[in-house]
Amino acid sequence: MLTKTPSELTLPASGIAGKRARDPRLDVFRGIGMLIILLAHVPNDPWALWIPARFGFSDATEMFVFLSGMASAIAFGRLFDRKGFGLLTARVIHRCWQIYWAHIAVFLTVATIMAAAGHKPDGTSYIQSLNLVRFFEDPGPLLIGLMTLTYVPNYFDILPMYMVILALMPVMLIAERVAAWLPFFLMAALWLSAQFGLAHLQAEPWSDRPWFFDPFGWQLIFFLGFFLMRGTVKLPVGSRKLLIASVAFVVVTVPFAWHVVLSASPFFREVAQAIGPLTSKTDFGILRLVHFLALAQIAMLVVGEKGARLHHPAVQPLTAILIRVGQQSLPVFMTGMVVAQLIGIALDHSGRGALAVATANLAGFAILVATAYVAAWFKRAPWTA
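Computed from a predicted model, the values in this text were never measured in an experiment.

An account of the overall build of the protein is needed here, citing residue identities and associated values.
A count of helices and strands for the protein gives 17 helices and 0 strands. Against the compact-globule benchmark of 21 Å for 385 residues, the protein has a radius of gyration of 21 Å, which places it among compact chains. Based on the C-alpha atoms only, the size of the protein along its principal axes is roughly 60 × 50 × 50 Å. Split into buried and exposed, the 385 residues of the protein put 49% on the buried side. Considering only residue pairs separated by 6 or more positions, the protein has 75% of its internal contacts joining residues 24 or more positions apart. Accessible surface for the protein amounts to roughly 18,200 Å². Of this, 69% is attributable to carbon and sulfur atoms. A distance of 13 Å separates the average location of the 29 positive side-chain charges in the protein from that of its 19 negative side-chain charges.

Go over the nonpolar core, please, and point to the residues and values.
Among the nonpolar cores identified, the biggest contains 99 residues, and L166, M169, F222 and F223 are the most heavily contacted of them. Residue contributions to this core peak at 13 residues, all from helix α3 (residues 85-117). Apart from the residues lying within four places of it in its own chain, the contact partners of M169 are S72, F76, L88, V92, F222, F223 and F226.

Could you give an account of the pattern of salt bridges, naming the residues involved and the relevant values?
Taken as a whole and judged by the stated rule, the model has 9 salt bridges. The partner of R288 in a salt bridge is E62, with the nearest N and O atoms 2.6 Å apart. Of this pair, R288 sits in helix α14 (residues 286-303) while E62 sits in helix α2 (residues 60-83), placing them 226 residues apart in sequence. Here E176 ties to R230 by a salt bridge, and the two come within 2.9 Å at their closest N and O atoms. Taken together, the residues E176 in helix α7 (residues 158-178) and R230 in helix α9 (residues 215-230) connect sequence positions 54 residues apart. R230 gets classed as partly exposed once you look at its relative accessible area, which sits at 21%. Taken together, the shared-partner salt bridges connect D59, E62, K281 and R288 into one network.

Which residues make up the packing of helix α1 (residues 24-41) against α2, and what values go with them?
Where α1 contacts α2, the two axes come as close as 9 Å, and the packing angle between them is 145°. Along this stretch, α1 crosses α2, giving a crossing that reads as left-handed. Facing α1, whose interface residues are L26, F29, R30, G33, M34, I36 and I37, α2 presents A60, M63, F64, L67, S68, M70, A71 and I74. Taken together, the residues of the contact of α1 with α2 break down into 12 nonpolar, 2 polar and 1 charged.

Got a sec to walk through the side chain of D23? Specific residues and values, please.
Relative to the helices and strands, D23 is located in the segment before α1. Here the side chain of D23 touches R25 through a polar contact of 2.6 Å, side chain to side chain.

Tell me what's going on with a nonpolar patch on the surface, and back it up with residues and numbers.
Together, V374, W377, F378 and W383 make up an exposed nonpolar region whose accessible area comes to about 460 Å². Examined against the element boundaries, W383 turns out to sit in the segment after α17 (354-379).

Provide a residue-level description of the environment of G84, including the pertinent values.
Residue position: G84 is located in the loop between α2 and α3. Residue G84 is classed as buried on the basis of its relative accessible area, which comes to 17%. In sequence terms G84 and R22 are 62 residues apart; their C-alpha atoms lie 23 Å from each other.

Just give me the short version of the environment of F292, but keep the residues and values in it.
Mapped onto the secondary structure, F292 falls in helix α14. Residues F292 and D138 lie 154 residues apart in sequence; the distance between their C-alpha atoms is 41 Å. Look past the residues within four positions of F292 in its chain and what remains in contact with it is S58, E62, M63, F66 and I221.

Account for the packing of aromatic side chains, with residues named and values stated.
In the structure shown here, the tally under the stated rule is 32 aromatic pairs. A ring pair is formed by F55 and W258, whose centres lie 5.6 Å apart and whose planes are at 40°; its orientation type is tilted. With F55 in the loop between α1 and α2 and W258 in the loop between α10 (240-253) and α11 (259-264), the pair connects residues that are 203 residues apart, well separated along the chain. Note on Y100 and W101: the rings are 5.0 Å apart at their centroids and 80° apart in plane angle, and the pair reads as edge-to-face. Under the relative-accessibility criterion, W101 is labelled partly exposed at 36%. One aromatic cluster in this structure is built from F64, Y162, F184, F222, F223, F226, F227 and F333. Stacked on the ring of F76, the Lys or Arg R91 has its end atom at 5.0 Å from the ring centre.

Explain the confidence of the model for the protein residue by residue, including any values.
The pLDDT averaged across the protein works out to 91; a share of 95% of its residues lies at or above 70. Here residues 3-18 is modelled with pLDDT under 50, and outside its nearest four sequence neighbours on either side it reaches 41 contacts, counting other chains as well.

Break down α3 for me, citing the residues and quoting the values.
Taking 1.5 Å as the rise per residue, α3 with 33 residues should run 48 Å; its terminal C-alpha atoms sit 47 Å apart, in good agreement. Once α3 finishes, G118 follows within two positions and takes phi at roughly 75°, a positive value.

Lay out unusual backbone geometry with the relevant residues and their values.
The phi torsion at N44 lies on the positive side, around 55°, for a residue other than glycine. Mapped onto the secondary structure, N44 falls in the loop between α1 and α2. Of note, the phi angle at N131 is positive, near 60°, even though the residue is not glycine. Owing to a relative accessible area of 52%, N131 belongs among the exposed residues under this scheme.

Scoring rules and cut-offs
- Residues numbered from 1 in each chain as written.
- Predicted model: local features only at pLDDT ≥ 70, side-chain atom pairs only at ≥ 80, totals over all residues.
- Heavy atoms only, no water.
- Helix = DSSP H or I, 4+ residues; strand = E, 2+ residues; numbered from the N terminus.
- Rg over C-alpha atoms; globule rule 2.2 N^0.38 Å.
- Buried < 20%, exposed > 50% of the residue type's maximum accessible area, 1.4 Å probe, protein only.
- Contact = heavy atoms within 4.5 Å.
- Areas by Shrake-Rupley, 256 points an atom, 1.4 Å probe, with all protein chains shown as cover.
- Lys, Arg positive; Asp, Glu negative; His and termini not counted.
- Charge placed at Lys NZ, Arg CZ, Asp CG, Glu CD.
- Core = buried A, V, L, I, M, F, W, Y, C linked by side-chain atoms within 4.5 Å.
- Salt bridge = Lys/Arg side-chain N within 4 Å of Asp/Glu carboxyl O.
- Axes fitted to C-alpha atoms, helices over the stretch in contact; angles between N-to-C directions.
- Left-handed = near helix turned anticlockwise from the far one by under 90°.
- Nonpolar A, V, L, I, M, F, W, Y, C, P; charged D, E, K, R; others polar.
- Polar contact = N/O pair within 3.5 Å; in protein donor to acceptor, adjacent residues only side chain to side chain.
- Patch = residues over 30% accessible without salt bridge, like charges linked within 9 Å, V, L, I, M, F, W, Y side chains within 5 Å.
- Phe/Tyr/Trp six-rings, centres within 6.5 Å; stacked < 30°, edge-to-face > 60°.
- Lys NZ or Arg CZ within 6 Å of the ring centre and 35° of its normal.
- pLDDT = per-residue confidence, 0-100.
- Expected span 1.5 Å × (residues − 1).

Shown next as structure tokens:
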């Protein structure tokens, strides 16, 4: 439903000239998403068998992209409203420039770690485990591909996707100014182009493999969050019937995603394969969006109206930590990509017993939290006081 009335998720204004109070739900769930993404990237991590992605069609990527869209509405949308198209475009270019170099830095750091780590105890090369053999055999052409984003290995594909989506933002905001429905038409057209393979970007020079995350498919959930935060669109929230339907959908999808059921039941396995195009992670299949929105309805109920339960004294210390992690999502994400591989290497040599896995994962969480606090300290530039 298109509307100019702010949605329940829109941030409340604290004053006409002042800043709006930041909704704690935005940063808390981004913080949770960062922790889940760490577990998902640790090779053969037993804890990753219990993340939400193992029980449904959507995962922490949807959470990260949707909430990044909402955060971008605050950072970029308000700039467009105040300063216009020119400065918005400059800000978007600057942010893409930052993310581009973050992507290059993460790739080179992880590639260096893989080279230094040598081989797993079973003799497998760490370089081979991340499919970087061609890069090390003939780095010249692939360095050019890396810098031009025509070489995007699977492990390093989220930040390039995010850059392309950000680059679409000025177009979407201009479209919104023309007509409230126009950006949603463009979003649907781009999403359909991804579903039919009309706009896939090449991931490597020696094959036709596309980027693992097609930005033209994933922009749908990013801009849904973006325009929801701006109040251009309003989604129904709080309806009892909708909540029941959301819970039912989430429960029904479990057998089609949970590895235990899929390995034991040919029926569920065949159905899961048949609906594969609707749950595709590369193209952002439509059932992923439906599943994520159903989970969002449930999460809204759990945290209470405007996140009231997040302020309860029993959870306030944890909430504060998650907010800090969510506010520093780029440095935390970069650190997590590197730390995940270090944890995987450590577990390869120590074994994946319960104590070793718990120690490694909790240490990883602690490193992400520390990264968030250190990044926030540097952003405050205390040396200028």
